[in-house]
Amino acid sequence: MKILKVKNYEQLSKAACDIVTKKIKNIEHPVLGLATGSTPEGLYKCLIERYEAGEITFANATSFNLDEYVGLDETHPGSYQYYMKDKLFNHINLPAERAFVPSGTDEDLQAHCEAYEDKIKKAGKIDIQILGIGINGHIGFNEPGTSFDSRTHVVELDESTREVNSRFFNSLDEVPTKAVTMGIQTIMDADEVVLIISGENKADTVLAFMESEISEEFPASILKKHPNFTLIVDEPAYSKVP
Ligand code: F6R
């Protein structure tokens, strides 16, 4: 595990952006694993700036998002398809047919999950997977207790996850109770994994991560076993680690 400690959110976003930029430049057909939530917003802004400056192109890239809420389609502002278009896809030249986000509205979600895994396999492998972390240690929407062997699957969201994410909805009632997420094994199969953690509100989570034994009760702990894993963390998030 490599740890990159940076001062603040701006530096964290730039550090993640530098790593992704390098991948995009060095690989002919890069396959990106993308996350949503508040943490990667700065990274996406930076990638858009570099694309607009002509420094990088997404013309040959493919992307796979980690997750999507069950029941929300791309027109719902709380959906991750909507988020990705708004924050990244609408502003770069990544071909729409190669920007994959799991569907939360497919009639047969189980078959959809299997097809999503097949698409990743067909793309080769994920060259770089960007992750955020939930306050309970979830990665993707793999909540505590999820098997480390899991592949893309439908999950029941923890109440704590629904509450934290209710900031993206009008009320807690509107937050879906289920989601589709890449599994932990799907994430671990990526060639490189970058976990970004920012802010004082994640200080307890960072402490728990640093002190964690590898256990399904704290899903992110498995990342310590990944051969090419970088944690990028800012000072406020690292503030409780002795
Ligand atoms: C999002 C995802 C989640 C988030 C995590 C942190 O696609 O898979 O695991 O990364 O909940 O979210 P933020 O960044 O909003 O704190």
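Residues numbered from 1 in each chain as written. Predicted model: local features only at pLDDT ≥ 70, side-chain atom pairs only at ≥ 80, totals over all residues.

Caption draft 1: Geometry of the nonpolar core. Core analysis: the largest hydrophobic core is formed by 64 residues, its most contacted members being Ala16, Ile130, Val194, Leu195 and Ile232. Residue contributions to this core peak at six residues, all from helix α1 (residues 9–26). Ignoring any residue separated from it by four or fewer positions in sequence, one finds Leu195 in contact with Leu131, Ile133, Ala220, Leu223 and Leu231. (Core = buried A, V, L, I, M, F, W, Y, C linked by C-beta atoms within 7 Å. Buried ≥ 20, exposed ≤ 12 C-beta atoms within 10 Å, placed from the backbone. Helix = DSSP H or I, 4+ residues; strand = E, 2+ residues; numbered from the N terminus. Contact = placed C-beta atoms within 7 Å.)

Caption draft 2: The arrangement of the UniProt feature "domain: Glucosamine/galactosamine-6-phosphate isomerase" (unreviewed entry) in the chain in detail. UniProt annotation of "domain: Glucosamine/galactosamine-6-phosphate isomerase" (unreviewed entry) refers to residues 11–225 when read in the numbering used here. Taken end to end, residues 11–225 has its terminal C-alpha atoms 26 Å apart, with 33% of it in helix and 14% in strand. (UniProt positions renumbered as here; feature names shortened; annotations may be inferred.)

Caption draft 3: Structural detail: the site of the ligand. Residues in contact with the ligand amount to 14 residues; listed here are only the nearest, Thr36, Gly37, Ser38, Thr39 and Gly132. Broken down by class, the residue content of the shell around the ligand amounts to five nonpolar, eight polar and one charged. (Near = placed C-beta within 6 Å. Nonpolar A, V, L, I, M, F, W, Y, C, P; charged D, E, K, R; others polar.)

Caption draft 4: Inspection of α1 at higher detail. The end-to-end C-alpha separation of α1 is 26 Å, in line with the 26 Å expected for 18 residues at 1.5 Å each. Among all positions in α1, only Leu12, Ser13, Ala15, Ala16, Cys17, Val20 and Ile24 are buried. On its buried face, α1 is in contact with β1 (2–6), α2 (41–52), β6 (128–131), β9 (193–197) and β10 (229–234). (Expected span 1.5 Å × (residues − 1).)

Caption draft 5: A look at the environment of Arg151. In this fold, Arg151 is placed in the loop between β6 and β7 (153–156). Between the C-alpha atom of Arg151 and that of Tyr116, which follows or precedes it by 35 residues, the distance is 9.7 Å. Apart from residues no more than four positions distant in its own chain, Arg151 is found in contact with Glu117, Gly183, Gln185 and Thr186.

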